[in-house]
Amino acid sequence: MKLVLSSVALCALFHVITGHAGHNHGPVGKQVKVPTKQLNDGNNIPILGLGTFGFGDIPKIRQAINWAVEAGYRHIDTAALYANEEEIGKGISDVLKKGLVRREDLFITTKLWNDKHAKDQVVPALRDSLAKLGLQYVDLYLIHSPEASKADGSPTNIDYLETWQGMEEAKKLGLAKSIGVSNFNTKQIDRIKAHSKTVPAVNQIEVHPSNTQEQTINDCFERNIAVVAYSPFGFFVTRGGPSKDDPKIKNIAQKYGKSVTQVVLRYSIDRGLIPIPKSTNQKRIKENLDVFDFQLTPEEISTISSYNTDTSIFS
Ligand SMILES: NC(=O)c1ccc[n+]([C@@H]2O[C@H](COP(=O)([O-])OP(=O)(O)OC[C@H]3O[C@@H](n4cnc5c(N)ncnc54)[C@H](OP(=O)(O)O)[C@@H]3O)[C@@H](O)[C@H]2O)c1
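Residues numbered from 1 in each chain as written. Predicted model: local features only at pLDDT ≥ 70, side-chain atom pairs only at ≥ 80, totals over all residues. Heavy atoms only, no water.

Student: Could you clarify how one ought to interpret unusual backbone geometry in this entry?
Tutor: Here alanine 83, not a glycine, exhibits a phi torsion of approximately 55 degrees, which is positive. In this fold, alanine 83 is placed in the loop between β3 (75–77) and α3 (85–97). Using a relative accessible area of 52% as the deciding quantity, one classes alanine 83 as exposed. Although it is not a glycine, serine 231 sits at a positive phi angle of roughly 50 degrees. Relative to the helices and strands, serine 231 is located in the loop between β8 (226–230) and α8 (247–256). (Helix = DSSP H or I, 4+ residues; strand = E, 2+ residues; numbered from the N terminus. Buried < 20%, exposed > 50% of the residue type's maximum accessible area, 1.4 Å probe, protein only.)

In C-alpha cells form, the structure reads like this:
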C-alpha cells in the first residue's frame, strides 16, 4: 500500500514539475490542463476548444491540430461545411500515433450541414464525416443551423424536429456521444424539448463582447444546456469594433499581465461559456490556451459587456 501511495505521489509530482496533465503520454513540453464541464447527458466537455473554420486555412489545419494537442487542447470543433474534416482526421491520427493522447482524451465536435436535414439523411451524413475524420464516433454532433436547404443552397421546408429524430438515432447507434444544436433560439429549443425525449446537450452560438447574447445564454442555462461560444474574439480581431487599444480593455489586460485577446477569452469562460477560438498559428494557439491562471471580477465582466451592441460579425 505504501509503495502504491508513493508512486501516485511521485506521479503527481512529475505532473506538477513537467506541467503534464494526467492521461497524457509521450514527450511533450509544458501543457495546459483544460478544465471540463459536465453536459446534461453526463458527458464532459473541455471548456475551451480549437475552432477550425477558414477555407484558406485548410492546408494548415493538420499542423495546427498537432500544435494544439501538444499545447494541451483536447476539444476540436469542425463541421461538414468547413471541408476540413479529412485534414483534421490526419492531425488526429498524428497525435494518436505519437502517443500524445488516447482517443478517449479528445473531444471532437462536428456538425450536420443544412442540406442533410431529412431524418434519413442524418446518420449517413455523420458516417461520411466520421469516415473523413477517421473516427468511430464523435463526442458531439450538432445541427449546424435550424434552416434546411437543398444541395444548391436554396431553402427547403424540413422541420428541424425531424432532423432531431435523426440526431437521436445517431446517438442511439453510438456514432455521437452527445447531440446538440447550433444557432438555435429559445423558441426552437423549446419546440425540441416539447416534442422529444432528448434535450440538446449544447447550443453553439456567436458570443463576444459586441454580441453578449444574455437572454439566449440565460435561457440555455435554465434548461441545463451548455453554451459553446463561437467567434469569441468578435470585433477585437477584425475592423469596426472596439479596439485592442481601448483603455478599458487594455487596463484589464495589463492588470493580469495578459493580452486583450486572452482577456476576451477569459470573459467567455467567466460567463460559464465554452469558447472555441480559431487559430492556425502556433504562437496564437498557445496564447489562446494560456487563460487558466487568472479570473475576471464581476465588475470587469460588466465592463467588457458594456461593449455590447447586439451586433453579429456575420451581419
Ligand atoms: N456554429 C457556427 O455557425 C459557427 C460559426 C462561426 C464559427 N464557428 C466555429 O467557431 C470557431 C471560432 O470562430 P471564428 O473562427 O469565426 O472566430 P474567432 O475564433 O473569434 O477569430 C479567429 C480569428 O482570430 C485570429 N486570432 C486567433 N487567435 C488570435 C490571437 N491570440 N490574437 C490575434 N488574433 C488571433 C485568427 O487568425 P490566425 O488563425 O491567423 O491566428 C482568425 O483570424 C470557428 O473556427 C468555428 O470552428 C461556428
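Student: Which parts of the structure should I look at to understand the pattern of salt bridges?
Tutor: Oppositely charged side chains can form a pair if their charged atoms are brought close together. Scanning the entire structure with this criterion turns up 22 salt bridges. Here arginine 102 ties to aspartate 105 by a salt bridge, and the two come within 3.2 Å at their closest N and O atoms. Residue arginine 102 is classed as partly exposed on the basis of its relative accessible area of 31%. For aspartate 105, a relative accessible area of 16% translates into the label buried. The shortest N-O distance in the salt bridge between aspartate 270 and arginine 266 comes to 2.8 Å. Here aspartate 270 pairs with arginine 266, and both are found in helix α9 (residues 260–270), just 4 residues apart, close to one helical turn. For the pair aspartate 270 and arginine 266, one class covers both residues: buried. Taken together, the salt bridges that share partners define one network made up of Asp57, Lys60 and Lys278. (Salt bridge = Lys/Arg side-chain N within 4 Å of Asp/Glu carboxyl O.)

Student: What is the right way to look at the site of the ligand in this model?
Tutor: In the region of the ligand, 27 residues are neighbours, and Asp77, Ser231, Lys278, Ser279 and Arg284 sit closest. Between arginine 284 and the ligand, the recorded distance is 2.6 Å, taken from a side-chain N or O atom to an oxygen atom. Out of a free accessible area of 900 Å², the ligand has 84% covered by protein chains. No other element matches helix α10 (residues 282–289), which puts 3 residues into the shell around the ligand. Classifying every residue of the shell around the ligand gives 9 nonpolar, 12 polar and 6 charged. (Near = heavy atom within 4 Å. Polar contact = N/O pair within 3.5 Å; in protein donor to acceptor, adjacent residues only side chain to side chain. Areas by Shrake-Rupley, 256 points an atom, 1.4 Å probe, with all protein chains shown as cover. Nonpolar A, V, L, I, M, F, W, Y, C, P; charged D, E, K, R; others polar.)

Student: Got a minute to help me understand the sheet that holds β8 in this structure?
Tutor: What holds strands together in a sheet is hydrogen bonding between their backbones, with the strands either parallel or antiparallel. Read across the open sheet, the 7 strands follow the order β3-β4-β5-β6-β7-β8-β9; overall the sheet is parallel. In this open sheet, the two strands that pair with only one neighbour each are β3 and β9 (274–275). In this structure, β3 lies alongside strand β4 (residues 107–112), joined through 3 bridges in parallel fashion. Note on β4: the bridge partner recorded for aspartate 77 is threonine 109. Contacts from helix α5 (residues 160–172) reach β4, β5 (138–143) and β6 (176–182) within the one sheet, and its direction differs from that of β6 by about 160 degrees. (Pairing = 2+ DSSP bridges. Contact = heavy atoms within 4.5 Å. Axes fitted to C-alpha atoms, helices over the stretch in contact; angles between N-to-C directions.)

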